[in-house]
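Structural characterization, general
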Amino acid sequence: MEQEPAKRILLGVTGGIAAYKAAELLRLLMKQGMEVQVAMTEAACRFITPTTMQGLSGKPVLTSQWDTGMADGMAHISPSRAADAIVIAPATADFIAKLAHGLANDLLSSLCLARNCPLLVAPAMNREMWQSAATQRNIAQLLADGVQVLGPDCGMQACGEEGMGRMLEAGRLAQDIAAFFQPKLFSGKKILITAGPTYEAIDAVRGITNRSSGKMGYAIAQAALEQGAEVVLVSGPTALAKPRGAQGVDVVSAAQMFEAVQQHVGDCDIFIGVAAVADYRVAQPSEQKIKKSAAALTLELVPNPDILAHVAGLPDPPFCVGFAAESEDLAKHAEQKRCVKNLPLLVGNLAQQAIGSDENELVLFDDSGSHVLPRADKLTLARLLMQHIAQRYEGAYK
Ligand code: C5P
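Residues numbered from 1 in each chain as written. Predicted model: local features only at pLDDT ≥ 70, side-chain atom pairs only at ≥ 80, totals over all residues. Heavy atoms only, no water.

**Describing helix α9 (residues 170-180)**
Basically, it comes down to this: Each residue gets one of three labels from its accessible area relative to the maximum for its type: buried under 20%, exposed over 50%, partly exposed in between, using a 1.4 Å probe on protein chains only. The way it works is that DSSP assigns letters per residue, a run of H or I at least four long becomes a helix, a run of E at least two long becomes a strand, and they are numbered from the N terminus. Two residues form a contact once any of their heavy atoms are found within 4.5 Å.
Along α9, the positions that sit buried rather than exposed are A170, L173, A174, D176, I177, A178 and A179. Elements that come into contact with the buried residues of α9 comprise β1 (8-13), α1 (19-31), β3 (85-91), β4 (119-123), α10 (215-226) and α15 (378-396).

As structure tokens, this is what we get:
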């Protein structure tokens, strides 16, 4: 898989108290491998200094169209030509009004008007300013002009009031910006994903489960959404919030997961079984709590249905992707599973590295051999995996 060139962001900071969050956003964008050039309005420089942003970005900050030292004298145009997107964070009510009306009376507004790249704005203002008819008219105009509006968020405001208008947290903005750049490889496709562990009851209060956190499956759901898919996420018990836009179906046991998958698999194009489904369940779980006694207790376990094998064996199956968490001999066991379950693609990982962790390393097994996705956070791996699935899916249905 070819490495995408680093995305270049022109980060515009305008004069609101949320400007302090722009420093964190800058760091997070750079951490994601993006190149960031900062431009600040005069008012922004009263909230946070250009020195801070220069120190973090490693580049002089653009603050004036008159004194930029740019050889071509085109400070109001050139920086936007060198950007893949302009992000305004925070975007004040005043700056949003300027954008909506096409004003260009300072460097940042000129850069926005002269741009030939996408514009993303993260509004930040008092709740009354946000709700005002004028701001709402301006936001509607920006949306109609194709501008991406990120947020705002609801909650406590710097002025002490509570409501809509806070800027989204830097982490969420960084994620939304990265999502914006994802290729829309799955537009019009429906992807069904299982994630998390299952829980098989022994009695009213006890059960058999495993240490799967659901993080990998949820990251894959997030990546699929970013790349334009409609996503149904069938999840066993986890502590995670479903990615925005996914249709979530909560289940507990393998039998419930099987039923939910059967309900949704009909019109899906791709099925990705990430769940750590319990191989066995208790034959006859007790409705009441089993009382302790001195005698040994024997539980009869019966096998659960193999959901993935069932889907892959349907007469007209979706493109099926399996996961194999192994504690040893990854390649041997993963290839075996791929053959037995008749899968075009199986993703292997080492259980001891994967379970519960925020990072992982994946090995993809398909007809053409194996392919390593080196250690990275699970969302990065999920995005790369989805790109690989897109290639294989396209190849399989050509
Ligand atoms: O448990 P095993 O290693 O066989 O899991 C491999 C793949 O099969 C995983 O993708 C898992 O989600 C799926 N699976 C399933 N139903 C089961 C067991 C596993 O869908 N009962």
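**Notes on the site of the ligand**
Put simply, the rule reads: Near is defined per residue: the residue qualifies when any heavy atom it owns lies within 4 Å of the molecule or strand. Polar contact is the term for a pair of N or O atoms within 3.5 Å; when the atoms are in protein, one must be able to donate a hydrogen and the other to accept it, and sequence-neighboring residues count only if both atoms are side-chain atoms. Using the Shrake-Rupley algorithm and a 1.4 Å probe, accessible areas are obtained, with residue cover drawn only from the displayed protein chains. Each cavity reported here is a set of points on a 1 Å grid over the protein atoms alone in which a 1.4 Å probe fits but cannot get out, each pocket an open set with protein on both sides within 12 Å along at least five of seven lines, and each lining residue one with an atom within 4 Å of a point. Any molecule with more than half of its atoms within 2 Å of a cavity's or pocket's grid points is regarded as sitting in that cavity or pocket.
Near the ligand, the surroundings consist of G273, A275, V277, D279, P305, D306, I307, L308, G322, F323, K337 and K341. In this structure, an oxygen atom belonging to the ligand sits 2.9 Å away from a main-chain N or O atom of L308. In the complex, the protein chains occlude 88% of the 440 Å² of accessible area that the ligand would expose alone. Under a 2 Å grid-point criterion requiring more than half of the atoms, the pocket assigned to the ligand is the second largest pocket. If you list the elements that add at least two residues to the shell around the ligand, you get α12 (307-312) and β16 (319-326).

**What about the sheet that holds strand β12 (residues 247-250)?**
We apply this condition: For two strands to pair, DSSP has to find at least two bridges joining them. For helices, the fitted line uses only the C-alpha atoms of the stretch in contact; every axis is such a line through C-alpha atoms, and the angle between N-to-C directions lies from 0 to 180 degrees.
Across the sheet, which stays open at both edges, the 8 strands sit in the order β12-β11-β8-β13-β16-β17-β18-β19 with mixed pairing between neighbours. What marks the edges here is a single partner per strand, and that holds for β12 and β19 (369-377). Sheet twist, expressed as the mean angle between neighbouring strand axes with direction ignored, is 15°. When β16 meets strand β17 (residues 345-350), the two strands line up parallel, connected through 6 bridges. Paired with E326 across the two strands is L350, which belongs to β17. Packed onto the sheet, helix α11 (residues 254-264) meets β8 (190-195), β11 (230-235), β12 and β13 (270-273) and runs at close to 180° relative to β8. Contacting β8, β13, β16, β17, β18 (359-366) and β19, α15 runs over the sheet at an angle of about 155° to β19.

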